[in-house]
Amino acid sequence: MTEVKSFTHNPFGTNSFVCHNNSEAVIVDASCSTDREEQEILDYIHSNQLTVKHLLLTHAHIDHVFGCIRLSNQFNLGWKAHPDCAILLKHAPQQAMLYGLRLKPLSIDIQYLTIQDVITFGDATWQILYTPGHAPGSLCFVDEASQFIIAGDVLFHRSIGRTDLPGGDLGVLMESIFQQLLTLPDNMTVYSGHGPITNIGDERRHNPFLQ
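The following paragraphs examine the structure supplied in this document. None of these values were measured; they are calculated from a predicted model. (Residues numbered from 1 in each chain as written. Predicted model: local features only at pLDDT ≥ 70, side-chain atom pairs only at ≥ 80, totals over all residues. Heavy atoms only, no water.)

## Focus on the pairing of strand β3 (residues 24-28)
Applied cut-off: Working definition: with a 1.4 Å probe on protein chains only, accessible area under 20% of the residue-type maximum means buried, over 50% means exposed, and in between means partly exposed. Helix and strand assignments follow DSSP, with helices taken as H or I runs no shorter than four residues and strands as E runs no shorter than two, numbered in order from the N terminus. Strand pairing is defined by DSSP finding a minimum of two bridges between the two strands. Crossovers are described as right-handed under a simple rule: with the strands pointing away from the observer, the path leading from the first strand over the helix to the second runs clockwise.
For β3, a buried count of four out of five residues is recorded, marking the element as mostly surrounded by other parts of the structure. Of the pairings in the sheet, the one linking strand β2 (residues 14-21) to β3 comprises five bridges and is antiparallel in character. Looking at β3, one finds that N21 is bridged to E24. Taking the residues that link successive antiparallel strands as the turn, the β2-β3 hairpin has two residues, and the phi of N22 there is positive, at about 55°. One ladder, built from five bridges, connects β3 with strand β4 (residues 51-56); its direction is parallel. The residue bridging I27 from the neighbouring strand is L55, located in β4. With helix α1 (residues 35-47) bridging β3 and its parallel neighbour β4, the resulting β-α-β unit is right-handed.

## Let's talk about the pattern of salt bridges
Worth spelling out the cut-off: We define a salt bridge as a contact between a side-chain nitrogen of Lys or Arg and a carboxyl oxygen of Asp or Glu at a distance within 4 Å.
In this structure the tally under the stated criterion is nine salt bridges. Note that R158 is salt-bridged to D202, the shortest N-O span being 2.4 Å. Here D202 lies in helix α6 (residues 200-206) and R158 lies in the loop between β11 (155-156) and β12 (159-160), a separation of 44 residues in the sequence. The closest approach of N and O atoms between R158 and E203, which form a salt bridge, is 3.5 Å. Note that R158 is positioned in the loop between β11 and β12 and E203 in helix α6, a separation of 45 residues in sequence. The exposure class assigned to E203 is buried, which follows from its relative accessible area of 0%. Taken together, the salt bridges that share partners define one network made up of D35, E38 and R70.

## Notes on the sheet that holds β3
Quick reminder of the rule: Orientation is described by lines fitted to C-alpha atoms, with helices fitted over the stretch in contact, and by angles between N-to-C directions that extend from 0 to 180 degrees. Note on contacts: a residue pair is in contact if any heavy atoms of the two residues lie within 4.5 Å.
Spatially, β1-β2-β3-β4-β5-β6 is the arrangement adopted by the six strands of the open sheet, whose pairing is mixed. The sheet is open, and its two borders are formed by β1 (3-9) and β6 (110-112), each paired with just one other strand. Ignoring which end each strand starts from, the neighbouring axes of this sheet average 25° apart. Each of β1, β2, β3 and β4 touches α1; the most contacted strand, β1, lies at about 165° to it. Across the sheet, helix α2 (residues 68-75) lies against β3, β4 and β5 (79-81), angled at about 150° from β4, the strand it touches most.

Structure follows, in structure tokens:
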């Protein structure tokens, strides 16, 4: 089984995740924006004697990429993301300025993912879902064996991702949710980019945006 440890960091309260299976791990999203926040992730990895195999992005909004350079340097790995994330990564410093924040250009290696790819580590195999609408190039990662999905900012507890940022589209987002996420089993745990853990069945029945 894959274990999931979440970390909530930066001024936006963004979740990132260390997921591990048989001593191998992936990090999903890079919300750490300070040395202290980065160290929390590193301490967890070191205390559990984990080898990080992949660095993954659900999407490239600024709150999910603050720590990309830090973690890439720590593990000598590039990041894996959908090709449509490229424009957001390129303009990350300008994104940061909109919120009165500073960020250096993200001079990191990027390997592009498609839905034909799979992510493997330990005994885990993750499928990739393409789920645009909140952000260009949004991806979700599904661990079918352990019955969870890393959903980025597509679906939240009792809410959905905002669509008023560049590249957002409410109709596209709802299509992503109904055609990709709500076809998953009700007991599928959902780890979102913000807020608490939920599951598909609970959101199907009680999320006011999906009724």
